[in-house]
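# Structural features, examined
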Amino acid sequence: MAVHQERKTKATERVRFNAVQGAAELFTPEFVEYLATLHDRFNERILTLRENRAKVLEKALHQGIPPAHLPVSQANIGDWRVPPVPEDLQKRGIEISGPASLTGMFINALNPGPEGTRAEGDLDDDEDSAGHRLEDTVNAAWNRKKAIEGTLTYFDPEKRKEYKLQAGDLPFFMHRERGLHLNEPDVTVDGTPISASILGAALTLFHAGRAHVERGQGIYFYLPKMEATEEAAFWREFFDASREQVSFLKNATIRAIALIESLPAAYQMEEILQALGPYAAGLNAARWDFQASILEFVMNDPSSVWPDRFGVDIKKTDFLGNIFRRLVAICLKRGAVPVGGMAVALPSKEDEVNRAAAAAIRADKEWEARQGFLRAWVAHIFHMRTAADPFKELQASGWKPTPEMANPDNYPIEIKVPEGPVTIEGTRRNARMLLEYLEGWLTGRGAKGIDSLAGKPGTHPALMEDLATARISVAQIAQRILHQAKTTDTAESHNYALVKRLLQEEAEDILARLQATIGAGDSFSQAEVRYVKSLKIALRWIRNYTQLNFRSLGSYTRAELDNVANQSDAF
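Residues numbered from 1 in each chain as written. Predicted model: local features only at pLDDT ≥ 70, side-chain atom pairs only at ≥ 80, totals over all residues. Heavy atoms only, no water.

## Details of the overall build of the protein chain
Along its length, the protein chain carries 19 helices and 15 strands. Against the 2.2 N^0.38 benchmark of 25 Å for 571 residues, the protein chain shows a C-alpha radius of gyration of 23 Å, consistent with a compact globule. Oriented by its inertia axes, the alpha-carbon framework of the protein chain measures out at about 75 × 60 × 55 Å. Here the protein chain, with 571 residues, has 58% of them falling under the buried criterion. (Helix = DSSP H or I, 4+ residues; strand = E, 2+ residues; numbered from the N terminus. Rg over C-alpha atoms; globule rule 2.2 N^0.38 Å. Buried < 20%, exposed > 50% of the residue type's maximum accessible area, 1.4 Å probe, protein only.)

## Side note on helix H11 (residues 287-297)
For H11, the tally of buried residues reaches 10 of 11 residues, placing the bulk of the element in the interior. Here H11 has its buried residues at Arg-287, Asp-289, Phe-290, Gln-291, Ala-292, Ser-293, Ile-294, Leu-295, Glu-296 and Phe-297.

## A few points about unusual backbone geometry
Phi is positive for Arg-160, which is not a glycine, with a value near 50°. Among the secondary structure elements, Arg-160 is positioned in the loop between strand S4 (153-156) and strand S5 (161-164).

## Some details on the sheet that holds strand S10 (residues 254-260)
One closed barrel holds the 8 strands; their spatial order is S2-S3-S6-S9-S10-S11-S12-S13, and the pairing between them is parallel. Across the sheet, the axes of successive neighbouring strands diverge by a mean angle of 30°, strand direction being ignored. Note that strand S12 (residues 337-343) and strand S13 (residues 375-378) share 3 bridges and pair parallel. Note on S13: the bridge partner recorded for Met-342 is Trp-377. Contacts from helix H5 (residues 103-110) reach strand S2 (93-99), strand S3 (121-125) and strand S6 (172-176) within the one sheet, and its direction differs from that of S3 by about 165°. Packing of helix H6 (residues 134-149) onto the sheet brings it into contact with S3 and S6, and relative to S6 it is tilted by some 170°. (Pairing = 2+ DSSP bridges. Axes fitted to C-alpha atoms, helices over the stretch in contact; angles between N-to-C directions. Contact = heavy atoms within 4.5 Å.)

## Things to note about the packing of aromatic side chains
The description of two aromatic rings rests on the distance between their centres and on the angle between their planes. In total, this model carries 23 aromatic pairs according to the counting rule given. Seen in terms of ring centroids, Tyr-154 and Tyr-163 are 5.9 Å apart; in terms of plane orientation they differ by 40°. Their pairing is tilted. Overall, Tyr-154 belongs to the partly exposed group, its relative accessible area being 31%. Each member of the aromatic cluster is reached from another via a ring pair, and the members are Phe-42, Phe-221, Phe-234, Trp-235, Phe-238, Phe-239 and Tyr-279. Looking at Arg-309, its charged tip hangs above the ring of Trp-288, at a distance of 5.5 Å from the centre. The cationic tip of Arg-429 hangs over the ring face of Phe-310; the distance from NZ or CZ to the ring centre is 3.7 Å. (Phe/Tyr/Trp six-rings, centres within 6.5 Å; stacked < 30°, edge-to-face > 60°. Lys NZ or Arg CZ within 6 Å of the ring centre and 35° of its normal.)

## Considerations on the side chain of Glu-184
Position of Glu-184 among the secondary structure elements: in strand S7 (residues 183-189). Take Glu-184: its relative accessible area is 2%, and that puts it in the buried class. In terms of polar contacts, Glu-184 uses its side chain to reach the side chain of Arg-178, at 2.8 Å. Side-chain polar atoms of Glu-184 contact the backbone nitrogen of Asp-186, separated by 2.9 Å. Contact partners of Glu-184, with chain neighbours within four places excluded, come to Arg-133, Leu-134, Arg-178, Pro-193, Ile-194, Ser-195, Ala-196 and Leu-199. (Polar contact = N/O pair within 3.5 Å; in protein donor to acceptor, adjacent residues only side chain to side chain.)

## Looking at empty space enclosed by the protein
One pass over the full model with this rule turns up 3 cavities of 30 Å³ or more. By volume, the largest cavity amounts to about 40 Å³. What lines the largest cavity is Ile-537, Arg-540, Trp-541, Leu-553, Tyr-556, Leu-561 and Val-564. Contributing elements (two or more residues each) for the lining of the largest cavity: helix H18 (522-546) and helix H19 (558-566). In terms of residue count, H18 provides more of the lining of the largest cavity than any other element does, 3 residues in total. Class assignment of the residues belonging to the lining of the largest cavity gives a composition of 6 nonpolar, no polar and 1 charged. (1 Å grid on protein atoms, 1.4 Å probe; cavity = no way out; pocket = protein on both sides within 12 Å on 5 of 7 lines; lining within 4 Å. Points joined across faces, edges and corners; volume = space filled by probe spheres on them. Nonpolar A, V, L, I, M, F, W, Y, C, P; charged D, E, K, R; others polar.)

## Some thoughts on the packing of helix H16 (residues 467-482) against H18
The N-to-C vectors of H16 and H18 enclose an angle of 60°; their axes lie 8 Å apart at closest approach. Accordingly, the angle class assigned to the pair H16 and H18 is oblique. Once H16 is placed against H18, the crossing between them reads as right-handed. Residues Leu-467, Ala-470, Arg-471, Val-474, Ala-475, Ile-477, Ala-478, Ile-481 and Leu-482 of H16 lie in contact with H18, whose contacting residues are Trp-541, Ile-542, Tyr-545 and Thr-546. (Parallel < 35°, antiparallel > 145°, perpendicular 65-115°, else oblique. Left-handed = near helix turned anticlockwise from the far one by under 90°.)

## Focus on the side chain of Glu-271
Looking at where Glu-271 falls in the secondary structure, it is placed in helix H10 (residues 269-276). For the buried Glu-271, no salt bridge exists, and the shortest N-O distance to an oppositely charged side chain is 7.3 Å, to Arg-326. With residues near it in sequence (within four places) discarded, Glu-271 still touches Leu-70, Ala-75, Asn-76 and Thr-229. (Lys, Arg positive; Asp, Glu negative; His and termini not counted. Salt bridge = Lys/Arg side-chain N within 4 Å of Asp/Glu carboxyl O.)

## Structural notes on the pattern of salt bridges
Counted according to the given criterion, the structure contains 50 salt bridges. Asp-125 is paired through a salt bridge with Arg-176; the nearest N and O atoms lie 2.7 Å apart. In this pair, Asp-125 sits in strand S3 while Arg-176 sits in strand S6, placing the two residues 51 residues apart along the sequence. On the accessibility criterion, Arg-176 (4% relative accessible area) is buried. A salt bridge links Asp-289 to Lys-225, with the shortest nitrogen-to-oxygen separation between them at 3.1 Å. Of this pair, Asp-289 sits in helix H11 while Lys-225 sits in the loop between strand S9 (219-223) and helix H8 (229-245), and the two are 64 residues apart along the sequence. Since its relative accessible area comes to 12%, Lys-225 is described here as buried.

See below:
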């Protein structure tokens, strides 16, 4: 007993965390001991995984050696299947997605939509739609715990609105933590920042996990930014170690779905599933991050400049569609669950806009359902039924995947340049999206409703954009600058001056529209400061990419971003 108490004391002395609201109650002596042990066991391993990622990228950029399949092994030719997948995860329909840290949004996501039905699952996110601050991760941990317990409530003082969970069964929870590439600088062990993945997953297992176990529920994770089989093996060992350390996890059901959102991971999908071992449940087709990853790996190749991303439709771009058909085939072959991509349209006050958005969402989800996906994601409950129905209707029709759909060899991976034009307007839309997204980031939001065609003719809903679409926007702009890409129609070349002008023009237009809406008071002045900062940060982020530095926005502290904003323009 004395030895156990000494270990607790040592852990509490080693672990330091910023005093954000709610953190002290989560960082109990028992949790801190668990966290310190995980750090001791896995931190060096994570650093090695990051080094290995860098080597793969370096080979592609500087040696022309792209990612490729692993050698033939039992992982890709053996007769194995993942363990039986829990019934929750086999449901057809839709998962509602959003940041777990924003309590009002989280509660709304768990409640029924306009038609009175709930989503099948909830993707409560602390990754691409989150703010990437310790306060966000802490708030997400509390919100998850209280939601599972059924006690989560929130009062918004600005809107003077109360949020509470409505009666009835909640969706199953899919917890998505930050990726292995990130640290949390505001939590340290012996002065070393802890891995953001270790911190987030440990908080979820220790606190929300207890609530799940007490209610007889499984604990389900999405594993983002996966790049290699060895990373899946890390997660298997991480879950094993957590079972060893935390008594109530010993017999808990813990399952994980790997996001396929990097080019290297696409070549290792079977191996990743096998490496997850008893925790493997499925694979997810993460479209936007996947396209951003492709652009990063081909960034140095002048023959691989992509057309405007807004016209790259997975349904009409065979090489992209085949990669995700291969994902489905592997899941069918191995008994795993294939989960599709995100529908991001937001509701509008205009019925015509909502009808157009619904038609586009339905077409997209019908395509996914026919490829064999069981369900997909949606960003707002307004379009929840529209997004869910195609999966349910196909199941009700008695449709079954064909044997050919379960053969990954029918869907070889080929990386090509999609068809489509390179236009100034496409670059302009990326620039506007970046400015709007970064303004939201500076207020602590990782997801923001953005209309990149604001003020333009036509019917176009605002979209819930997150870090994935910001990343692909930066990558596309940088690629065009790096290779002085000429526009399809006018042969005008992209360069730093052109992009800076577009950013400045879009910033001016955004501010003019905002001022016309809210006037020239304090709120506008504060927003103006944020947009000026956003412009400076966008310049720095794009410049980083042209220098083949693909550092995540999530790795910057807000103080570092303020410093960027106070420096001279990056170009």
